[in-house]
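Letter by letter, the chains look like this.
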Amino acid sequence: MPLGAEPSAYLRQHAGNPVHWRPFGDEAFAFAAARDVPVFLSIGYAACHWCHVMAHESFEDQATADFLNAHFVPVKVDREERPDVDAVYMAATQATTGEGGWPMSVFLLPDGRAFHAGTYFPPRPLPGRPSFRQVLEAVVEAWAERRSAVEQNADTLARGLAATQFGAAVRLDRPPEPIGAELLSEAVEALAASEDPDDGGFGTAPKFPPSPVLEFLIRHAAAGSGSASGGASLKGASLSGTAEAARGIAGRTLAAMSRSALFDQLDGGFARYSVTRDWSVPHFEKMLYDNAQLLRLYVHWIRLGGTAEYPVAEAADVAGRTADWLLAALGLAARGGSGTEGTGPERLPEALASSLDADTVVAGRHAEGATYLWTGTELAGLLGAEDGAAVARLMNVRDRGTVTAEGSPLHPGRKMGPADAELWQRVRPVLLADRSRRPQPARDDKVVAGWNGLAVAALAETGAVLDRPDLAAAAERIAAYLERVHWSAGEGDMPGSLVRVSHDGAARGIGGLLEDYAFCAEGLLALHSVTGQAHWYRLAEDLIAAACSRFVADGALHDTAGESGQVLNAQGGRAALDPFDNAAPSGAAAFAGVLLSYSALSGSSRHRALAGNILELLPPLAARAPRVAGWLLATAQAALAGPVEAAVAGPDTPERAALHRELLLAPSPGLVIAVQDTADAEPSVPLLRDREPAPDGSPQVFLCRGMVCERPVGSAGAVRERLAAMAGRPSSGMSGRS
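This structure is a prediction, so every number in the text was calculated from the model and none was measured.

Visitor: Teacher, can you tell me more about the confidence of the model for the protein here?
Guide: Atom-level detail of predicted coordinates should not be read off regions where pLDDT is low. Scored by pLDDT, the protein comes out at a mean of 92, with 94% of its residues at no less than 70. The low-confidence segment residues 734-738, where pLDDT is below 50, has 23 contacts with residues more than four positions distant or belonging to other chains.

Below you can see the structure in the form of structure tokens.
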């Protein structure tokens, strides 16, 4: 079955291989059963450098392809399109080898159970690593001569994976236990112990943006303040002390990333990770899910007020450039549209692509990061000897390159002084124009629903905080695409459904996973808070109802709804729930956050209790493994704050807009905002019901917790003061309310 018509750019990249690839599905496994051969499963993604390497070395080699085709059914999977497939076989690979990564190479029985696995295999043996052909021959020999041992190995591995599933750890059919403030302070203490205070972030190399953890730290910092410095000892620290520590950790990490080669100093946007501790050598792929989260984080840092070491103005510049990069580099025009040029709403993209590759094809060969590398000679040739030498010093471009023998990315590694900043502002357009004439990395144009949901939230909030209506308009346009292309509304008692991936304006493939429903609902609720349009609240409500129907069964929560029987077989027949954050929040954590926000807007005690049930995953993780529980911690912090509910009542006037803007700039953790929609005859949002303007007809704000509101206020200053006072009176904990 050819791959040329697949929605995944990664699969289409392999359509011309001599390997007879098939997409993951019943047909491929039935073909393997009919031939009585194992399945060779290769998992990667379009922006993966080593995936390109193995493809060139092995999958484009005719002799290797002939052997694969003769003895296996080769199956190719895009991990971004099928994270459920990636997750189970990554677990199998790690259990088998103690390591994981991409490309992933897994050997399966025709029922989907894994029996042998690895990652990249070279074309020739290396010390400690066999060649790919040696691995293939060994598997064929074992399949022919020791079939019972192969099947026993597969059974043992599947049962082992079943025993590690967390689905049973989340019970949704009982009252939740409350989460206390001390647990969150303990998490900050643990994070402080693993921080790299010199270079920002956590641990050593390689270093990834810890986005979910940073959201927790910013929310924790917003929840209190104190006199302790970010570097103070935290043993037995109070909320005040850990709040200041959280602010320090978050600020140092955000500053280090944006002042490094991880952040594209010319065009904006962040690379996937750094191979060095000081963020100086990125792995060059740029992912939508990273940049959507990081954009929102820099905006939340602005709302928090920044620090002297990392001021708001610098973060605002990073946020604005990242938002512009997202729309320009990943923006997809409507079919038949004219791109993103022009001045009207039609110039805005209707959706966002998944990624840019790490590699650039130069003279027919993949070269990692080639678009982004500079030499001192190139800088001098473009800028003149004096400016070229100054920029080389500023950006750490030396005679010996950090990526190739001569080439280095632009890495300031520190805050620029006034003179450096003036120089950089002057030369940056020249360098960017020159770089734009180079060969560019390829783009994966598939649209992933959940990642676009993350972008909707980020763009909407960035538009509000930076006073950029164009960004809020872009968020609305993307949300409209998700509704039109990815969402099918329910009928009667039947809930609607979401498709995970689209390409070229058409939805394709499996239904959305829990993370897709949660990320899209998160984006829609954020968009509703910014625009006040009740339509987005109603659509989020429908998504949440569909997610509850699809992923909640027998008192348990699952990441998938059984899209593939082979995946279920591989994990021992037990449905999966992965509570750990990876590059993005886990589906379970994101769903808890959405349930909490929705319950605050709707007054639903059932949804509040469901959020609390999911948060019961947190106590064993908070102090021992907080780096994989960032979004659960962030959600718990919002629950501890209430979250505060803000209802803006009254006529649509400049005075009401000022009240609304004050709320949008507030850092209160998890704050939900509802503004009366003049197009909504009867308020769709329960929080707005029976909220009236002031006696003189002027707008006012009701600030509430659990739908119990304080006396309304009518000025931006009063809103600010009341929110500060409420921050000093946190909620009693994460329990379901009646």
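Having seen the structure, we can now continue with the description.
Visitor: I would appreciate a short explanation of the state of the cysteines in the present structure.
Guide: What makes a disulfide is a covalent bond joining the sulfur atoms belonging to two cysteines. Inspection of every chain in the model, using the stated rule, returns two disulfides. Through a disulfide, Cys48 is tied to Cys51; the S-S separation comes to 2.4 Å. Taking the torsion about the S-S bond as the criterion, the Cys48 to Cys51 disulfide, at about 80 degrees, is right-handed. By the burial criterion, Cys48 is buried, and Cys51 matches it. Disulfide pairing is shown between Cys704 and Cys709; the S-S distance is 2.0 Å. Here the disulfide of Cys704 and Cys709 is right-handed, its torsion about the S-S bond being about 85 degrees. Residue classification places Cys704 among the buried residues on the basis of a relative accessible area of 1%. By sequence-ordered numbering of the bonded cysteines, the protein has its disulfides arranged as 1-2, 3-4. In this structure Cys520 is a free cysteine whose sulfur lies 15 Å from that of Cys548, the closest cysteine sulfur available. A residue is classified by how much of its surface remains accessible, and Cys520, at 4% relative accessible area, is buried.

Visitor: Can you walk me through helix H3 (residues 49-59) in this structure?
Guide: Owing to its 3.6 residues per turn, the α-helix brings residues three or four apart onto one side. Here H3 lies mainly inside the structure; eight of its eleven residues are buried. Within the sequence span of H3, burial applies to His49, Cys51, His52, Val53, Met54, Ala55, Ser58 and Phe59.

Visitor: I would appreciate a short explanation of the sheet that holds strand S23 (residues 700-705) in the present structure.
Guide: An order of S22-S21-S23-S24 is seen for the four strands of this open sheet, with the pairing classed as mixed. Two strands bound the open sheet, and with one partner strand each, they are strand S22 (672-675) and strand S24 (708-709). Sheet analysis places strand S21 (residues 645-649) next to S23, joined by five bridges and oriented antiparallel. Bridge pairing in S23 places Val648 opposite Val701.

Visitor: Is there a simple way to think about empty space enclosed by the protein in this case?
Guide: Rolled over the atoms, a probe as big as a water molecule pinpoints where empty space is left. Enumeration over the complete set of coordinates arrives at four cavities of 30 Å³ or more. Space inside the largest cavity adds up to approximately 490 Å³. Taken together, the elements giving at least two residues each to the lining of the largest cavity come down to helix H9 (211-222), helix H11 (288-304), helix H16 (449-465), helix H18 (514-531), helix H21 (587-602), helix H24 (630-641), helix H25 (654-664) and S22. At five residues, the largest contribution of residues to the lining of the largest cavity is made by H18. Partitioning the lining of the largest cavity into residue classes produces 19 nonpolar, seven polar and six charged.

Visitor: I would appreciate a short explanation of the layout of surface pockets in the present structure.
Guide: In this structure, the second largest pocket encloses a volume near 420 Å³. In this structure, the second largest pocket is lined by 21 residues; those nearest its centre are His52, Val53, His56, Glu60 and His366. Of all the secondary structure elements, the ones that give two or more residues to the lining of the second largest pocket are H3, strand S12 (359-362) and strand S13 (365-368). Per-element tally for the lining of the second largest pocket: the top contributor is H3, with seven residues. Class assignment for the residues of the lining of the second largest pocket results in six nonpolar, ten polar and five charged.

Visitor: So what exactly am I meant to see when it comes to the packing of aromatic side chains here?
Guide: Where two aromatic rings form a pair, the distance of their centres and the angle of their planes describe that pair. Applying the stated rule across the entire model yields 21 aromatic pairs. Where Trp21 meets Phe40, the ring centres are 6.2 Å apart and the plane angle is 35 degrees; that geometry is what we call tilted. In this pair, Trp21 sits in the loop between helix H1 (9-13) and strand S1 (22-23) while Phe40 sits in strand S2 (residues 39-44), placing the two residues 19 residues apart along the sequence. In terms of burial, Trp21 and Phe40 fall into one category: buried. Centre to centre, the rings of Phe24 and Phe29 are 5.0 Å apart; their planes meet at 70 degrees, and the pair counts as edge-to-face. Of the aromatic side chains, those joined through ring pairs into one cluster are Trp21, Phe40, Phe59, Phe72, Phe107, Phe121 and Phe132.

Visitor: Please explain the environment of Gly16 as it appears in this structure.
Guide: Mapped onto the secondary structure, Gly16 falls in the loop between H1 and S1. Taking relative accessible area as the criterion, Gly16 reaches 70% and is therefore assigned exposed. Along the chain, Gly16 and His660 lie 644 residues apart, while their C-alpha atoms are 54 Å from each other.

Visitor: Could you clarify how one ought to interpret the sheet that holds strand S14 (residues 443-444) in this entry?
Guide: What links the strands of a sheet is backbone hydrogen bonding, and the strands pair in either a parallel or an antiparallel sense. Spatially, S8-S11-S14 is the arrangement adopted by the three strands of the open sheet, whose pairing is antiparallel. The sheet is open, and its two edges are formed by strand S8 (286-287) and S14, each paired on a single side. When S8 meets strand S11 (residues 355-356), the two strands line up antiparallel, connected through two bridges. By the bridge assignment for S11, Lys286 is matched with Leu356.

Visitor: Please clarify how unusual backbone geometry should be interpreted in this entry.
Guide: Leave glycine aside and you will find that most residues have negative phi; peptide bonds, for their part, are mostly trans. Cis geometry marks the peptide bond from Ala205 to Pro206; its omega dihedral reads -10 degrees. Of note, Pro206 is situated in the loop between helix H8 (181-194) and H9. The omega angle of the peptide bond from Gly642 to Pro643 is -10 degrees, so this bond is cis rather than trans. On the secondary structure map, Pro643 appears in the loop between H24 and S21. Not every positive phi belongs to a glycine, and Asn396 is a case in point at roughly 55 degrees. Position of Asn396 among the secondary structure elements: in the loop between helix H14 (385-394) and helix H15 (418-436).

What counts as what
Residues numbered from 1 in each chain as written. Predicted model: local features only at pLDDT ≥ 70, side-chain atom pairs only at ≥ 80, totals over all residues. Heavy atoms only, no water. pLDDT = per-residue confidence, 0-100. Contact = heavy atoms within 4.5 Å. Disulfide = S-S within 2.5 Å. Buried < 20%, exposed > 50% of the residue type's maximum accessible area, 1.4 Å probe, protein only. Helix = DSSP H or I, 4+ residues; strand = E, 2+ residues; numbered from the N terminus. Pairing = 2+ DSSP bridges. 1 Å grid on protein atoms, 1.4 Å probe; cavity = no way out; pocket = protein on both sides within 12 Å on 5 of 7 lines; lining within 4 Å. Points joined across faces, edges and corners; volume = space filled by probe spheres on them. Nonpolar A, V, L, I, M, F, W, Y, C, P; charged D, E, K, R; others polar. Phe/Tyr/Trp six-rings, centres within 6.5 Å; stacked < 30°, edge-to-face > 60°.

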